[in-house]
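Observations on the model geometry
Given next are the chains, with one letter for each unit.
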Amino acid sequence: MSLHQLSLAQLTQGLASKQFSSQELTEHYLARIQRHDDKINSFITVTPELALAQAKAADEQIASGQASALTGIPIAHKDIFCTDGVKTSCGSKMLDNFIAPYESTVTQQCQQAGLVALGKVNMDEFAMGSSNESSFYGPAKNPWNLEHVPGGSSGGSAAAIAAGLAPLATGTDTGGSIRQPAAFCGISGIKPTYGRCSRFGMIAFASSLDQAGPMARSAEDLALLLNAMSGFDEKDSTSLNEPAPDFTAQLNQSLKGLRIGLPKPFFDERLNPTMGDVIAKAKDELEKLGATCVEVDLPHVRLSVQCYYIIAPAEASSNLSRFDGVRYGYRCDNPYDLQDLYFRSRSEGFGDEVKRRILIGTYALSAGFFDAYYVQAQKVRQLIRQDYLAAFEQCDIILGPTTPEPAYKLGEKSGDPVSMYLGDIYTLSANLAGLPAASIPCGFTEGLPVGLQLIAPYKQEAKLLNVAHQYQSVTDWHQQVAPGFEE
């Protein structure tokens, strides 16, 4: 079996037993990137010299007996995380020339855990999009069908893992940007509780919604990487001020007696019927493991899209005001005054989707519409949070589809942003409520992967990962390999 087909547990065991070195493993993945990435465009920047230097240091740590659980394992970072001395573009022309002068907390924690950085992966521009088509560097492609999108905004992370170009990747999730590409590409991904992972050095889209999280093949892999990524950070005022638990500690608990909530709004006419059948089979597997299912209602979840697409653009319009051509990033040629500098730098540096959201957000925050739109959206957000609190009095975990349909074709929705926004209908509410949520593969329809979404109460990532791991212990959907990328 090739190195890229081994599970994370097998890779760590192989490194510990000297079956192969971190340098050999890193060279293997770098060679795969060189051989396959021109087909899927998952990487924006590859860092072979940095990776091999880190791999050499990891081998020395392993030899001295000072290795941690992830020492020597390669990882790809979403290009939204600042990495000292490496281009951090956020998928935008605006930051195409930006070399970060400092390290984000998440990537620094990965370094401290001994992970080896292969490079920076593709993403929707400033994390705005659901298909990876808004990237300045062109869309990443879905390894299961190269004519289809990998999802977004963490599409490069998902595509790289699905194609076996990296065993692990970081992602960010503002409204489903870890879970939706994980579902489209047949991998596992988790959005932790808001504040669980530091946002310091993670270029902001919507500050009250953004959350970093791990992406990998299995729930067990997610737990190991989340251990490395989590913890209080005094540099982030939204960071949870408490020690992070060991997310692997509960992975082998029985599901006997677990109450699974099935929300009515997640199984309505918007769900592709064949995907509904796949989700139903996944539910049956969990019931065989001892869980029981109860119907719950989340009445205000139906308003998630409207609520999110007021709050997120409003925060984006504020966060992106810093990109003005003055201090860093893209600057237009020969501006004739300050206003021209601002206008042309932003007009030329931002893509259409980013401009669209800045305009929506600025409108929602304007004096005449702030109360009518932004304040109302925040009230709806509280109602959504209360719906989840009420639902979790009846169940331990909520189950549903991650997306209403499988991955669509490249270009199919790029001219219809509203249709693309509606694709986030099942993922947005977890961000609005600040809850942990994961997507794991549970089958196929039309030859494309289907994602099962699990949502847990506040700070209950360990419970969420246990359910996912128990499901994956009796199924092999997470072990499937995209055709053409086996070798």
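Per chain, residues are indexed from 1 in the order of the written sequence. For a predicted model such as this one, the threshold for reporting local features is a pLDDT of at least 70, and the threshold for listing and counting side-chain atom pairs is 80 or more; totals across whole chains, interfaces and linings nevertheless cover every residue. Side-chain metrics in this entry use all non-hydrogen atoms of the structure; hydrogen atoms and water are not considered.

What follows covers empty space enclosed by the protein. Any space left empty among the atoms is revealed by the rolling of a water-sized probe across them. Definitions used for this entry: grid spacing 1 Å over protein atoms alone; cavity, a set of points where a 1.4 Å probe fits but cannot get out; pocket, an open set with protein on both sides within 12 Å along at least 5 of 7 lines; lining residue, one with an atom within 4 Å of a point. Grid points are joined across faces, edges and corners, and a volume is the space filled by probe spheres set on the points. Scanning the entire structure with this criterion turns up two cavities of 30 Å³ or more. Approximately 70 Å³ is the volume found for the largest cavity. If you trace the largest cavity, you find 15 residues lining it, with Gly129, Ser130, Ser177, Tyr308 and Asp424 closest to the centre. Among the residues forming the lining of the largest cavity, the class breakdown is five nonpolar, eight polar and two charged. In this structure, the second largest cavity encloses a volume near 60 Å³. As for the second largest cavity, its lining consists of Ser130, Gln180, Phe184, Thr403, Pro404, Glu405, Tyr408, Lys413, Ser419, Met420 and Gly423. Those elements that provide at least two residues to the lining of the second largest cavity are helix H6 (179-185) and helix H13 (417-422). Classes in brief: Ala, Val, Leu, Ile, Met, Phe, Trp, Tyr, Cys and Pro nonpolar; Asp, Glu, Lys and Arg charged; the others, Gly included, polar. Split into classes, the residues belonging to the lining of the second largest cavity amount to four nonpolar, five polar and two charged. Secondary structure elements follow DSSP: runs of H or I no shorter than four residues count as helices, runs of E no shorter than two count as strands, and numbering proceeds from the N terminus.

Turning next to the pairing of strand S4 (residues 168-172). It is a general feature of regular strands that their side chains alternate between the two faces of the sheet. Counting buried positions along S4 gives five out of five residues, so the element sits mostly inside the fold. Summary of the burial criterion: residues with accessible area below 20% of their type's maximum are buried, those above 50% are exposed, and those between are partly exposed, where the area comes from a 1.4 Å probe applied to protein chains only. Residues Leu168, Thr170 and Thr172 line one face of S4 and the alternating positions Ala169 and Gly171 line the opposite face, and both faces are buried. Bridge analysis of S4 against strand S6 (residues 212-216) gives five bridges, and the strand direction is antiparallel. By the bridge assignment for S6, Ala169 is matched with Met215. Criterion used throughout: strands pair if DSSP finds at least two bridges between them.

Secondary-structure assignment places Leu359 in helix H11 (residues 352-365). Leu359 sits in the exposed class, given a relative accessible area of 62%. Along the backbone, Leu359 and Ala100 are 259 residues apart, and their C-alpha atoms lie at a distance of 27 Å.

Now for the layout of surface pockets. One number sums up the size of the largest pocket: a volume of about 450 Å³. In terms of lining, the largest pocket is formed by 24 residues, of which the most central are Gln5, Ser7, Arg217, His478 and Gln479. Elements with a contribution of two residues or more to the lining of the largest pocket: helix H1 (8-16), helix H7 (219-229) and helix H15 (461-473). The element that contributes the greatest number of residues to the lining of the largest pocket is H15, accounting for three residues.

Nonpolar cores are built from buried Ala, Val, Leu, Ile, Met, Phe, Trp, Tyr and Cys residues. Side-chain atoms within 4.5 Å join them into one set. Formed by 138 residues in total, the largest nonpolar core has its most connected members in Phe126, Leu168, Tyr388 and Leu465. Counting residues per element, this core draws most heavily on helix H9 (residues 304-319), which supplies nine residues. Formed by five residues, the second largest nonpolar core is a distinct cluster that contains Val149, Phe184, Ala407 and Tyr408.

The next subject is helix H10 (residues 338-349). Multiplying 1.5 Å by the residue count of a helix minus one yields the expected span of that helix. Compared with an ideal rise of 1.5 Å per residue, which puts 12 residues at 16 Å, H10 spans 16 Å between its outermost C-alpha atoms and is within 8% of the ideal. Lining the buried residues of H10 we find H11. Measuring from the side-chain oxygen of the N-cap residue of H10 to the backbone nitrogen of Gln339 gives 3.3 Å; that N-cap residue is Asp337. Working rule for contacts: check all heavy atoms of both residues, and any pair within 4.5 Å makes them a contact. Polar contacts here mean pairs of N or O atoms no more than 3.5 Å apart (in protein, one a potential hydrogen donor and the other a potential acceptor; neighbouring residues in sequence count only if both atoms are side-chain atoms).

On the surface, a cluster of nonpolar side chains totalling about 250 Å² of accessible area is made up of Val326, Leu338 and Tyr342. Along the chain, Leu338 turns up in helix H10. Patch membership requires more than 30% relative accessible area and the absence of a salt bridge. Residues of like charge join within 9 Å; the nonpolar side chains Val, Leu, Ile, Met, Phe, Trp and Tyr join within 5 Å. Here the accessible surface of atoms and residues is derived via Shrake-Rupley with a 1.4 Å probe, and residues count as covered only by protein chains that are part of the display. Each reported salt bridge corresponds to a side-chain nitrogen of Lys or Arg within 4 Å of a carboxyl oxygen of Asp or Glu.

Moving on, we come to H7. Burial runs high along H7: eight of the 11 residues are buried. For H7, the full list of buried residues reads Ala219, Asp221, Leu222, Ala223, Leu225, Leu226, Ala228 and Met229. Phi turns positive one or two residues past the end of H7, at Gly231, with a value near 130 degrees.

Moving on, we get to the side chain of Ser188. Relative to the elements of secondary structure, Ser188 occurs in strand S5 (residues 188-191). Of the polar contacts made by the side chain of Ser188, one reaches the backbone oxygen of Arg217; its length is 2.9 Å. Those residues in contact with Ser188 that sit more than four places away from it in its chain are Ala182, Met215, Ala216, Arg217, Ser218, Ala219, Leu222, Ser439, Ile440, Pro441 and Gln472.

Following Gly152, the chain continues into Ser153 via a peptide bond in cis, with omega recorded as 5 degrees. Its identity as a non-glycine residue notwithstanding, Lys18 has a phi of 65 degrees, on the positive side. Inspection of the secondary structure puts Lys18 in the loop between H1 and helix H2 (22-40). Positive phi is not limited to glycine here, since Asn132 has a value of about 70 degrees. Within the secondary structure layout, Asn132 lies in the loop between strand S3 (116-121) and helix H5 (155-162).

Remember, this is a structural readout, not a statement about activity or role.
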